Amino acid sequence: IQAQILNLLQDLQQSMGLTFLFISHDLSVVRHISNRIVVMYLGQMMEVCDSKGLFKNPLHPYTKALLSAVPIAKYNYERKDRILLKGDVPSPKPGCRFAKRCWMATDECFNSAPCLSEVEPGHFVACHKCGK
């Protein structure tokens, strides 16, 4: 049923020229239905990119962790690149909201919130370490 609804949305989008704001935690579905993706963490944009670019070259550590959790449909395949995030989800504080769970975090990350910056044409990331 999910696939039928997604296909119906895509058909409506093409036939009527519609734009959808599609919110989901299922990255397989997001990849299938979206042209452009915004990855958010605690209500803040972490990465913005076209769908193909995001799945091909994720830059933000949170995006990488999310994509590492997407199951791969291969018989007898064990994912070795899975990123497990440690710690509890923190309350929003000054600095990067993802800093307490990020393996790349530095003092700068805890003290100042990164701005969403274009690091490649059309690819924006809110990270002090990404794209530098």
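Here is what the cut-offs are and how they apply
Residues numbered from 1 in each chain as written. Predicted model: local features only at pLDDT ≥ 70, side-chain atom pairs only at ≥ 80, totals over all residues. Heavy atoms only, no water. Core = buried A, V, L, I, M, F, W, Y, C linked by side-chain atoms within 4.5 Å. Buried < 20%, exposed > 50% of the residue type's maximum accessible area, 1.4 Å probe, protein only. Helix = DSSP H or I, 4+ residues; strand = E, 2+ residues; numbered from the N terminus. Contact = heavy atoms within 4.5 Å. Pairing = 2+ DSSP bridges. Phe/Tyr/Trp six-rings, centres within 6.5 Å; stacked < 30°, edge-to-face > 60°. Axes fitted to C-alpha atoms, helices over the stretch in contact; angles between N-to-C directions.

Caption draft 1: Representation of the nonpolar core. Residues I37 and F98 are the most contacted members of the largest nonpolar core, which totals 17 residues. The element best represented in this core is strand β1 (residues 36-41), accounting for 3 residues. With residues near it in sequence (within four places) discarded, I37 still touches V30, E47, V48, C49, S51, L54 and F55.

Caption draft 2: Broad picture of the pairing of strand β2 (residues 44-50). Of all the 7 residues making up β2, 5 are buried; the element is thus mostly covered by neighbouring parts of the structure. Alignment of β1 against β2, held across 6 bridges, turns out to be antiparallel. Counterpart to Y41 in the pairing with β2 is Q44. Two successive antiparallel strands, β1 and β2, enclose a turn made up of 2 residues, where L42 displays a positive phi of approximately 50°. The pairing of β2 with strand β4 (residues 123-125) spans 2 bridges and is antiparallel. Its bridge partner lying in β4, E47 is registered against V125.

Caption draft 3: Geometry of the packing of aromatic side chains. Counting across every chain of the model gives 3 aromatic pairs. Between Y41 and F98, the ring centres sit 5.0 Å apart and the planes meet at 80°, which makes this aromatic pair edge-to-face. In this pair, Y41 sits in strand β1 while F98 sits in the loop between α4 (61-68) and α5 (107-111), placing the two residues 57 residues apart along the sequence. Like F98, Y41 is buried. Through a chain of ring-to-ring contacts, the aromatic side chains of Y41, Y62 and F98 assemble into a single cluster.

Caption draft 4: Focus on the sheet that holds strand β3 (residues 117-120). Reading across from one edge, β1-β2-β4-β3 is the order of the 4 strands in this open sheet, with antiparallel pairing throughout. In the strand order of this sheet, the two ends are held by β1 and β3, each with one partner. Adjacent strand axes in the sheet meet at a mean angle of 30° when their direction is disregarded.

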